[in-house]
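An overview of the molecular structure
Residues per chain are reported as follows:
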Number of protein chains: 2
Amino acid sequence: MRSVFILLCFFLLPLYLSAQSFEVHSPGNKITMFIALDESGAPHYSVMQNGHTVVQKSDLGLTLKNIGSLAENFIVQAHLHGEIDTTWNTVWGETTTIRDHHSFLILTLKQKQTDIIMQIECRVFDDGVGFRYIFPWQEKLSNFIVEDELTTFALTGDHMAFWIPGDYDTNEYPYAHTRLSEVDAITASNKYPEIGTRAPFAKNAVQSPLLMKTDSGLYISIFEAALVHYPAMDLLIEPDHVLKASLVPDALGNKAYLTTYCSTPWRTIIVGEKATDILASRITLNLNEPNKLENTDWIQPMKFMGIWWGMHVGTQTWNYSNAKNIDLASTDWNALTPNGKHGATTENAKAYIDFAAANGIQGLLIEGWDVGWEDWFGKWKENVFDFVTPYPDFDPDIVSAYAKQKGVQLIMHHETSGSVTNYERRLPAAVDFMVKYGYPSVKTGYVGFIIPRGEHHDGQWMVDHYVYVADYLAKHRITLDAHEPVRPTGLCRTYPNWLACEAARGNEFNAWSQGNPPEHETILPFTRLLGGPMDYTPGIFQIKVNYYDSSSTRQVHTTLVKQLALYVTMYSPLQMAADLPENYMRFPDAFQFIKDVPVEWDTVKYIDAEPGDYLAIARKEKDAPDWYIGCITDEEARDMDISLDFLDNGKYIATIYADAKDADWKENPMQYEITDQIVTNKTVLHIRMAPGGGCAIKIRPKK
Amino acid sequence: MRSVFILLCFFLLPLYLSAQSFEVHSPGNKITMFIALDESGAPHYSVMQNGHTVVQKSDLGLTLKNIGSLAENFIVQAHLHGEIDTTWNTVWGETTTIRDHHSFLILTLKQKQTDIIMQIECRVFDDGVGFRYIFPWQEKLSNFIVEDELTTFALTGDHMAFWIPGDYDTNEYPYAHTRLSEVDAITASNKYPEIGTRAPFAKNAVQSPLLMKTDSGLYISIFEAALVHYPAMDLLIEPDHVLKASLVPDALGNKAYLTTYCSTPWRTIIVGEKATDILASRITLNLNEPNKLENTDWIQPMKFMGIWWGMHVGTQTWNYSNAKNIDLASTDWNALTPNGKHGATTENAKAYIDFAAANGIQGLLIEGWDVGWEDWFGKWKENVFDFVTPYPDFDPDIVSAYAKQKGVQLIMHHETSGSVTNYERRLPAAVDFMVKYGYPSVKTGYVGFIIPRGEHHDGQWMVDHYVYVADYLAKHRITLDAHEPVRPTGLCRTYPNWLACEAARGNEFNAWSQGNPPEHETILPFTRLLGGPMDYTPGIFQIKVNYYDSSSTRQVHTTLVKQLALYVTMYSPLQMAADLPENYMRFPDAFQFIKDVPVEWDTVKYIDAEPGDYLAIARKEKDAPDWYIGCITDEEARDMDISLDFLDNGKYIATIYADAKDADWKENPMQYEITDQIVTNKTVLHIRMAPGGGCAIKIRPKK
């Protein structure tokens with residue numbers, strides 16, 4: 001399966017040449033990247049697609065603390081270019097194999113006055129480019145501090161953009177959709193006070209990945225890949241449609257502490273003539289390092305349920321008591337008065353295990369099992385949780401034995417409260433606990449401002465932390481689902497035990513806030529999901545929260561059927577069946593889709609999409625002939641014709657989960673129709689989606 | 001041995017009284033502390049000794065972030081006072097028992113506009129006072145941030161002071177001796193560029209403990225006790241001889257993050273008519289919490305040697321190679337080229353073990369045994385050491401087996417490089433390593449600016465860290481000697497495995513810098529040592545460094561004999577025989593004193609002292625009839641008559657290690673005379689000390 005084709009050309013140029021330029025053409029000649037040193041020795045680049053400029057002459061370089069600008073006065077010392085064509089196997093993913101076919105250039109630059117050597121490495125694919133800075137070992141530079149990154153992306157116009165505010169600590173915003181010139185990140189951020197840890201920092205700052213659409217219909221995504229030992233990159237919108245890299249600072253305003261040999265993350269520009277080209281791009285994964293784990297047999301994608309949604313709709317609590325002013329070290333937990341609503345009880349856990357086992361759901365997340373939930377939120381306390389002490393009404397011996405007996409895997413929950421120093425101190429004991437009780441997976445959480453105080457969720461120190469945890473867990477054969485981390489950038493290739501992240505606005509916001517607009521899930525695959533799977537927690541059937549609390553006006557901003565479609569449109573090897581068991585029991589026919597839909601796939605077909613409007617994706621189950629289709633729409637009702645030409649020959653049965661005729665996300669979200677239809681690869685299915693609705697289809701061979 | 005006498009009076013006063021005042025008299029009526037609320041409800045205090053004012057009307061209170069000032073508008077809700085007389089046993093110490101006899105007042109204040117309750121607790125001893133703020137559990141205050149502490153110490157004049165610059169990251173300064181009004185901390189700090197992590201912050205800032213002498217001859221020390229979960233207190237010298245508390249900030253400028261119930265450290269004012277009264281005060285220890293460890297049998301004071309001084313005089317190195325640009329994760333240590341001067345080799349370790357075993361030295365510290373020393377100093381790198389990987393030429397299997405066979409205890413060395421996050425991550429594995437190889441003790445080091453970046457050595461987060469390490473080690477029966485930590489404040493009572501700290505300018509500065517002036521060791525017992533033992537590393541016989549390196553002009557600023565006397569004048573349960581074995585072999589008769597002098601004592605007699613000039617102390621060996629006397633002088637030659645009236649009846653032999661007649665710390669430091677003399681408790685020994693010299697005496701019963 002692995003084939004490599006490399007063409008290398010190597011030139012050692014005479015020193016102190018004047019301005020020079022280089023062109024790198026993608027293997028299929030669709031994308032060209034130009035890199036040149038101008039007369040002042042400043043490196044620049046630009047990108048064209050099919051002869052049209054995508055990114056105009058843009059800056060390259062960094063500023064180092066106490067050293068100065070690495071942006072001009074360079075000469076070219078050497079350049080190396082060639083082509084790579086290889087195919088690698090995924091441990092899990094949208095497809096079982098991924099082709100990595102690109103041309104590359106490594107330009108070695110030397111700054112005249114400092115003798116500092118900086119390399120710029122470019123990889124040019126047929127659907128975009130990646131480039132990064134490399135600092136090889138050298139006499140003149142060993143340990144240094146990055147003060148600023150000077151990379152710009154000079155766009156050709158005032159494109160429409162899907163953006164969330166630049167923010168050091170959260171990515172849990174809905175997307176705005178405006179011209180670049182209309183971005184106002186501070187105002188946008190202030191619309192979402194429900195986000196606990198907002199740190200917007202400039203009116204003109206947005207986060208990456210940033211999806212844009214030009215007036216001529218081209219889709220452009222600016223992002224990064226392999227974010228390791230470096231802060232996340234936000235983008236400042238400067239005059240003339242120039243985006244400038246903006247790195248998340250540490251407590252002192254420094255950006256990154258580096259030691260040669262080292263490289264920055266890749267800066268990527270993905271270009272598509274169709275929206276689905278963006279979805280199909282594998283640039284982010286291809287620019288990450290290969291799997292680092294020796295053995296991956298133990299890594300198990302799964303569907304799971306959770307003692308979780310009840311807390312969001314208010315029928316249960318994470319905390320065991322309503323005591324205040326709790327001190328982790330001295331509280332006698334047995335002496336607290338239970339509040340009667342604690343979710344993570346032995347009894348509840350056993351009931352969930354029964355339900356999961358009966359319905360083929362492999363995993364169960366139990367939140368609020370460990371002491372400390374009474375007094376932490378927003379407090380910036382260091383010692384909140386210890387990750388090993390259960391509440392008095394939760395017996396891990398009983399629960400883990402029962403889960404084992406029923407064949408259900410328990411998913412640990414480590415809410416760090418943002419107190420990362422505390423978490424790192426206690427991680428060894430926490431992992432020992434997991435190993436003892438046989439938890440193969442953990443959901444981590446970072447709700448709250450970070451300790452070390454002054455560090456941010458998206459800064460270098462925290463970026464290091466997330467990788468540290470993934471690596472540490474891998475050593476103990478534990479998989480990871482990180483909530484509230486920095487946005488992922490494809491590191492799941494390198495650490496395939498890192499199954500998913502949240503790192504965006506998940507479904508739970510619908511339960512207790514203004515929620516996620518109906519278009520939200522049509523945008524995420526073009527933005528957040530470029531970096532890796534999201535634990536979005538789909539599958540909410542009881543759409544309106546007034547079912548639990550008559551005073552609530554909150555609701556999920558989709559139809560029930562759209563919740564089913566999300567299992568296909570939002571790829572993840574971890575998929576939650578997020579609603580309460582009793583709600584699934586109310587709608588057993590709809591629940592059948594969740595029971596059936598797999599989490600492991602052979603391949604994918606991106607049928608059609610327009611970000612912010614609609615999305616239709618078909619996936620073939622791994623090692624099985626079945627296909628699943630998910631279609632979703634925004635607040636508009638929508639008709640769609642779906643050609644099944646991807647099917648093999650022969651007859652199939654399509655089970656179609658459709659919005660009822662009068663369904664509507666707001667007025668009538670829970671009405672649906674399930675029909676069977678015989679189809680072949682000649683069939684064009686006509687589907688209709690309600691406002692805020694969708695359609696979910698299972699296609700299996702007719703026997 | 002334990003006797004308790006408590007007298008309690010309790011008044012619940014009617015609310016909203018006007019100004020009120022309280023007096024607390026020490027048990028012997030020598031010290032009186034006044035506390036009053038003035039007409040604006042602002043609490044104040046003052047202190048008198050024998051009818052004379054020591055501290056005039058001074059401020060009390062704090063400022064809380066987002067809450068405001070807790071300094072006025074209070075009413076007295078309740079007050080509780082009484083007297084305590086108890087005696088407790090030390091695990092180790094200058095004496096085997098310590099009496100704690102004080103009067104106390106707990107004043108409960110309520111602020112009218114906020115309803116916040118703050119208590120002020122005072123303890124008044126015959127030699128000084130301690131007071132602190134307490135925040136009991138209350139509805140109106142749970143988690144809060146201290147922005148400033150408003151405590152002042154309004155002195156009665158422009159006293160002479162022994163001070164080091166206020167500094168967030170180092171206490172390794174020599175002492176200046178000026179009037180308070182003459183303090184210039186920035187200029188003073190800049191005189192010592194050899195200190196790697198200076199962070200002076202204000203011209204008028206000095207560190208505590210601050211020793212002062214009034215023009216009428218009273219000695220006053222201002223310090224703190226039980227520094228836990230709070231930053232260290234520096235002192236700002238404000239107009240009119242007012243000292244104001246100045247807390248070390250975190251990265252964001254905040255001082256402390258607290259949760260009720262909580263208390264600040266004790267602020268102490270120790271008062272003495274004689275200088276030796278300051279040495280004899282037990283206020284600091286008495287204000288600390290009792291021993292927290294269930295079992296202390298395993299805690300073993302000891303003398304030790306080290307593969308250490310060779311690095312300071314340049315004959316050896318910590319690093320194995322001279323490679324640069326080392327990365328902990330990827331370096332192949334076996335592939336490095338040894339530099340030929342690496343100290344911590346298996347061979348050297350065995351030789352030191354042989355020497356220690358032959359001379360009754362119980363321990364051996366080995367520095368530079370673990371990989372990472374090539375590329376770290378001043379680099380602010382996070383991952384420098386892993387604390388478990390030995391250099392290729394150091395075999396812990398062989399060394400630990402050899403040490404065990406010879407009965408020598410190995411002392412681990414953990415240089416954190418200030419990268420505390422890295423150390424905390426790796427501490428469990430590092431301790432496992434120690435347990436595996438039988439290291440009962442560890443010397444930690446914090447050379448470098450702190451990571452988390454923006455935190456300081458003396459801030460709350462690091463204060464928590466030092467205690468965390470002491471506590472963690474205690475759980476594994478390991479003793480601690482912390483170098484470059486915050487100054488100790490008596491916590492060795494609570495964690496008696498915390499045998500010593502450096503936290504001041506140690507002997508090694510003499511090897512490679514302008515060194516320590518001859519008066520240095522006459523000041524330390526009045527300042528740094530009030531908080532607990534110091535690992536000063538005495539015992540250097542080869543005084544001048546040009547012995548090793550003819551180009552060096554560095555030297556120890558004492559005579560050889562003064563180095564012997566330090567084993568008595570600088571109390572510590574850990575005492576290093578710091579010089580190289582070959583130097584001890586050159587002077588075996590003088591080395592006999594180091595072999596003889598114990599580290600465990602029954603009692604102490606502070607014979608005479610004048611800080612900055614001279615000091616004479618006698619100590620009786622624990623469970624033995626032998627006494628040891630140490631006398632030291634500054635740069636002046638000095639004669640002293642020492643009455644041996646503390647001896648029991650009968651004849652003793654005094655072995656007197658004296659400076660030779662023409663000895664001089666600078667010109668002729670290594671000449672000495674050793675004589676025996678029959679003495680009784682009627683004897684008055686006349687001793688003569690050379691400039692920068694001293695005298696060491698062992699007195700044993702004549703059989």
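Residues numbered from 1 in each chain as written. Chains lettered and ligands numbered in written order. Predicted model: local features only at pLDDT ≥ 70, side-chain atom pairs only at ≥ 80, totals over all residues. Heavy atoms only, no water.

1. Quick notes on the overall build of chain A
Within chain A, the regular secondary structure consists of 13 helices and 38 strands. What you see for chain A is a C-alpha radius of gyration of 25 Å, in line with the 27 Å of a compact globule of 703 residues. When the backbone C-alpha atoms are referred to their principal axes, chain A occupies close to 75 × 70 × 50 Å. Per-residue burial over chain A gives 67% buried out of 703 residues. Long-range contacts, defined as pairs at least 24 residues apart, comprise 71% of the intrachain contacts of chain A with a sequence gap of at least 6. (Helix = DSSP H or I, 4+ residues; strand = E, 2+ residues; numbered from the N terminus. Rg over C-alpha atoms; globule rule 2.2 N^0.38 Å. Buried < 20%, exposed > 50% of the residue type's maximum accessible area, 1.4 Å probe, protein only. Contact = heavy atoms within 4.5 Å.)

2. Section: the interface of chain A and chain B
Each side of the interface is counted separately: chain A has 28 residues, and chain B has 28 residues. Three residues, Asn325, Arg425 and Arg453 of chain A, lead the burial of chain A against chain B; their summed loss comes to 27% of the area buried on that side. Along the contact surface separating chain A from chain B lie two salt bridges. When residues of the side of chain A that touches chain B are traced back to their parent elements, those giving at least two are strand 21 (256-259), helix 7 (420-437) and helix 8 (460-475) of chain A. The element contributing the most residues to the side of chain A that touches chain B is helix 7 of chain A, with four residues. (Buried area = accessible area lost by both parts, 1.4 Å probe. Salt bridge = Lys/Arg side-chain N within 4 Å of Asp/Glu carboxyl O.)

3. A closer look at helix 7 (residues 420-437) of chain B
Because each turn of an α-helix spans 3.6 residues, side chains separated by three or four positions end up pointing in the same direction. Residues and elements named next belong to chain B. The end-to-end C-alpha distance of helix 7, which contains 18 residues, comes to 24 Å, matching closely the 26 Å that a straight helix rising 1.5 Å per residue would cover. The principal kink in helix 7, of about 55°, is found at Leu427, preceding the proline Pro428 by one to four residues. Of all 18 residues in helix 7, 13 are buried, a share of seventy percent or more. Taken from the residues just after helix 7, Gly438 is the one with a positive phi, measuring 70°. (Expected span 1.5 Å × (residues − 1). Bend = angle between axes of the 7 residues up to and from the residue.)

4. Re the relation of the copies chain A and chain B
Mapping chain A onto chain B leaves a residual RMSD of 0.0 Å; the transformation is a rotation of 180° accompanied by 0.0 Å of translation along its axis. One copy is carried onto the other by what is essentially a two-fold rotation axis. Mapped onto chain B, 100% of the interface residues of chain A again fall at the interface, so both copies present the same surface. (Least-squares fit on C-alpha atoms with pLDDT ≥ 70 in both.)

5. A word on the pairing of strand 20 (residues 242-247) of chain B
Residues and elements named next belong to chain B. Most of strand 20 is tucked away: six of the six residues are buried. By the alternation rule, side chains of strand 20 split into Val242, Lys244 and Ser246 and Leu243, Ala245 and Leu247, which are all buried. Alignment of strand 13 (residues 152-155) against strand 20, held across three bridges, turns out to be antiparallel. If you follow Ala154 over to strand 20, its bridge partner there is Val242. Summarising the sheet, strand 19 (residues 233-238) and strand 20 pair through six bridges and their orientation is antiparallel. Each residue of the ladder has a partner; that of Leu236, found in strand 20, is Lys244. (Pairing = 2+ DSSP bridges.)

6. Focus: the packing of helix 11 (residues 560-569) of chain A against helix 13 (residues 588-596) of chain A
Residue and element names in this part refer to chain A. Direction vectors running N to C along helix 11 and helix 13 enclose 10°, while the axes themselves pass 10 Å from each other. With respect to helix 13, the element helix 11 is oriented roughly parallel. Of the residues in helix 13, those touching helix 11 at Leu560, Leu564, Tyr567 and Val568 are Ala590, Phe593 and Ile594. Looking at the contact of helix 11 with helix 13 residue by residue, the class counts come to seven nonpolar, no polar and no charged. (Axes fitted to C-alpha atoms, helices over the stretch in contact; angles between N-to-C directions. Parallel < 35°, antiparallel > 145°, perpendicular 65-115°, else oblique. Nonpolar A, V, L, I, M, F, W, Y, C, P; charged D, E, K, R; others polar.)

7. Some remarks on the confidence of the model for chain A
Residues and elements named next belong to chain A. Looking at chain A as a whole, its pLDDT mean stands at 96, while 97% of the residues score no less than 70. In this model, residues 1-18 is a region of pLDDT below 50 whose contacts with residues beyond four sequence positions or in other chains number 44 contacts. Of the two predicted TM-score estimates for the complex, the pTM is 0.95 and the ipTM is 0.92. (pLDDT = per-residue confidence, 0-100.)

8. Concerning the packing of aromatic side chains
Residues and elements named next belong to chain A. Enumeration over the complete set of coordinates arrives at 73 aromatic pairs over all chains. Summarising the aromatic geometry, the rings of Trp308 and Trp309 are spaced 5.8 Å apart at their centres and angled 40° between planes, so their arrangement reads as tilted. One exposure class covers both Trp308 and Trp309, and it is buried. When the ring of Trp601 is compared with that of Tyr628, the centres are 5.8 Å apart and the planes differ by 75°; the resulting orientation is edge-to-face. Of the two residues, Trp601 is situated in strand 31 (residues 601-610) and Tyr628 in strand 33 (residues 627-633); the sequence distance between them amounts to 27 residues. (Phe/Tyr/Trp six-rings, centres within 6.5 Å; stacked < 30°, edge-to-face > 60°.)

9. Looking at the pattern of salt bridges
All told, the structure shown has 50 salt bridges over all chains when counted by the stated rule. Between Glu94 of chain A and Arg282 of chain A there is a salt bridge, with the nearest N and O atoms lying 3.9 Å from each other. Here Glu94 of chain A is found in the loop between strand 8 (74-89) and strand 9 (97-111), whereas its partner Arg282 of chain A is found in the loop between helix 2 (275-280) and helix 3 (283-286), with 188 residues between them in sequence. Side by side, Glu94 of chain A and Arg282 of chain A carry an identical accessibility label, which is buried. Taking the shortest distance from any N to any O, the salt bridge between Arg487 of chain B and Asp458 of chain B comes out at 3.0 Å. In this pair, Arg487 of chain B is assigned in the loop between strand 28 (479-483) and strand 29 (498-501) and Asp458 of chain B in the loop between strand 27 (441-445) and helix 8 (460-475), connecting sequence segments 29 residues apart. Asp458 of chain B matches Arg487 of chain B in its accessibility class, with the two residues each being buried. When salt bridges that share partners are traced, they join Glu94, Arg282 and Arg619 of chain A into one network.

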